[in-house]
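Examination of the molecular architecture
Residues per chain are reported as follows:
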Amino acid sequence: MLFTGSGPITITNARHKNDFSPVDPECDCYCCRSFSRAYLRHLFQVKEILGLQMATLHNLRFFQRIMIKAREEIKRGGFESWKKEFIASLRQEETTLLTTS
């Protein structure tokens with residue numbers, strides 16, 4: 001599973017077979033700048049270790065970006081409202097995933 005700003009994705013799903021977009025267009029990690037969803041899916045399908053390494057790299061950067069944003073909001077004094085918005089967006093994405101699956 002790869003975490004994105006628009007919800008988690010299961011890269012092994014068939015819908016990613018011909019998807020040449022990055023895992024998360026908003027992400028600046030090496031994985032998103034260098035590999036497509038289709039290629040990552042291929043790596044997982046053939047059990048290539050590079051797939052796991054890139055997924056880990058991406059997920060760590062995703063959570064690092066969340067922590068950077070949380071720290072900024074704490075300094076700004078807007079953490080509570082940001083947290084509510086963030087959690088609400090996660091719930092909305094989860095609902096969307098459940099209804100489209």
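In what follows, the structure referred to is the one given above.
Residues numbered from 1 in each chain as written. Predicted model: local features only at pLDDT ≥ 70, side-chain atom pairs only at ≥ 80, totals over all residues. Heavy atoms only, no water.

This brings us to helix H3 (residues 49-76). Helix length check: H3 (28 residues) gives 41 Å between terminal C-alpha atoms against 40 Å at 1.5 Å per residue, within 8%. All of the buried residues along H3 are Gly51, Met54, Ala55, His58, Asn59, Phe62, Ile66, Ala70 and Glu73. (Helix = DSSP H or I, 4+ residues; strand = E, 2+ residues; numbered from the N terminus. Expected span 1.5 Å × (residues − 1). Buried < 20%, exposed > 50% of the residue type's maximum accessible area, 1.4 Å probe, protein only.)

Attention shifts here to the nonpolar core. In this structure, Leu2, Val23, Cys31 and Leu40 are the most contacted members of the largest nonpolar core, which totals 13 residues. Sorting the residues of this core by element identifies helix H1 (30-34), helix H2 (37-45) and H3 as the ones contributing at least two each. Those residues in contact with cysteine 31, other than ones at most four positions away along the chain, are Val23, Leu40, Met54, Leu57 and His58. (Core = buried A, V, L, I, M, F, W, Y, C linked by side-chain atoms within 4.5 Å. Contact = heavy atoms within 4.5 Å.)

Tallied over the entire structure, the rule returns 7 aromatic pairs. On the basis of an interplanar angle of 80 degrees and a centroid distance of 5.2 Å, the ring pair of phenylalanine 62 and phenylalanine 63 is categorised as edge-to-face. Residue phenylalanine 62 is classed as buried on the basis of its relative accessible area, which comes to 9%. Assessed through its relative accessible area of 41%, phenylalanine 63 is described here as partly exposed. Through a chain of ring-to-ring contacts, three or more aromatic side chains come together here, namely Phe3, Phe62 and Phe63. (Phe/Tyr/Trp six-rings, centres within 6.5 Å; stacked < 30°, edge-to-face > 60°.)

In this section: the environment of phenylalanine 3. The residue phenylalanine 3 is located in the segment before H1 in this model. Phenylalanine 3 sits in the partly exposed class, given a relative accessible area of 28%. C-alpha of phenylalanine 3 to C-alpha of arginine 61: the two residues are 58 residues apart in sequence and 9.7 Å apart in space.

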